[in-house]
Amino acid sequence: MTNTSRTLEELRRSGFKCGMVERYNQYTKQRHDLFGIIDIIAIKEHEIWGVQSCGSSFAEHKKKMLASDMALKWLDAGGQLLLMGWRKIKKKRGGKAMVFRPREYLFTFNDWREE
């Protein structure tokens, strides 16, 4: 299961209707996010969320989003912007079984004021 499919499953479990907007270019063999920052659009009631999904490179993705002018435009238009990273952690302390758990960061305008 990919990080994006884990994110879709988690969002749907929370009541969102979701669609992938990341696309794959077969010629360059690269993935392209919507506006360079969004993999998934999620809608629920009166909310629209742009979601970036990643694995262990959480800090790199957060920096990428903070460097994007489109992230601010997305927030200014009324959308929410969420970074959801997945990591494997122990199911219980001292045990050997591992499970994937999400790490989430919801961006606000204050994230750009602090820079």
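Definitions and limits used
- Residues numbered from 1 in each chain as written.
- Predicted model: local features only at pLDDT ≥ 70, side-chain atom pairs only at ≥ 80, totals over all residues.
- Heavy atoms only, no water.
- Helix = DSSP H or I, 4+ residues; strand = E, 2+ residues; numbered from the N terminus.
- Pairing = 2+ DSSP bridges.
- Axes fitted to C-alpha atoms, helices over the stretch in contact; angles between N-to-C directions.
- Phe/Tyr/Trp six-rings, centres within 6.5 Å; stacked < 30°, edge-to-face > 60°.
- Buried < 20%, exposed > 50% of the residue type's maximum accessible area, 1.4 Å probe, protein only.
- Lys NZ or Arg CZ within 6 Å of the ring centre and 35° of its normal.
- Arc of directions from axis to C-beta.
- Contact = heavy atoms within 4.5 Å.
- Polar contact = N/O pair within 3.5 Å; in protein donor to acceptor, adjacent residues only side chain to side chain.

K.L.:
Is there a simple way to explain unusual backbone geometry in this structure?
P.N.:
Glycine aside, negative phi is the norm for most residues, and most peptide bonds take the trans geometry. Unlike most non-glycine residues, Phe35 shows phi in positive territory, near 60°. The topology assignment puts Phe35 in the loop between strand 3 (30–32) and strand 4 (40–44). Look at Glu45: it is not a glycine, yet its phi comes out positive at around 50°.

K.L.:
What is the right way to look at the sheet that holds strand 6 (residues 80–90) in this model?
P.N.:
Backbone-to-backbone hydrogen bonds join strands into a sheet, with any given pair of strands oriented parallel or antiparallel. An order of 1-4-5-6-7 is seen for the five strands of this open sheet, with the pairing classed as mixed. Only two strands of the sheet have a single partner each, and these edge strands are strand 1 (17–20) and strand 7 (98–107). Going across the sheet, the axis of each strand differs from the next one's by a mean of 30°, ignoring polarity. Where strand 1 lies against strand 4, four bridges are found, and the strand directions are antiparallel.

K.L.:
In this structure, what is going on with the packing of aromatic side chains? I would like to understand it.
P.N.:
Each aromatic ring pair is specified by the distance between its two centres and by the angle formed by the two planes. Overall, the coordinates contain four aromatic pairs when judged by the stated rule. Considering the side-chain rings of Tyr105 and Phe107, the 5.0 Å spacing of their centres and the 75° angle between planes classify their relative orientation as edge-to-face. On the accessibility criterion, Phe107 (1% relative accessible area) is buried. Sitting over the ring of Tyr105, Lys62 keeps its end group 3.9 Å from the ring centre.

K.L.:
Got a minute to help me understand helix 3 (residues 69–76) in this structure?
P.N.:
Note that an α-helix has 3.6 residues per turn; residues three or four places apart therefore point the same way. Buried within helix 3 are the following residues: Ala71, Trp74 and Leu75. Burial along helix 3 is one-sided: seen end-on, the buried residues are contained in an arc of 95°. Among the exposed residues of helix 3, those oriented more than 90 degrees off its buried face are Asp69, Lys73 and Asp76. Buried residues belonging to helix 3 abut strand 4, strand 5 (47–54), helix 2 (58–66), strand 6, strand 7 and helix 4 (110–113). Two to three positions downstream of the cap, the backbone nitrogen of Met70 sits 3.1 Å from a side-chain oxygen, assigning the N-cap of helix 3 to Ser68.

K.L.:
In this structure, what is going on with the environment of Ile43? I would like to understand it.
P.N.:
Structurally, Ile43 is set in strand 4. As for Ile43 and Lys17, which are separated by 26 residues in sequence, their C-alpha atoms are 5.2 Å apart. Contacts of Ile43, omitting those with residues within four sequence positions, involve Gly15, Phe16, Lys17 and Ile48.

Remember that the coordinates give geometry; whether it matters functionally is a separate question.
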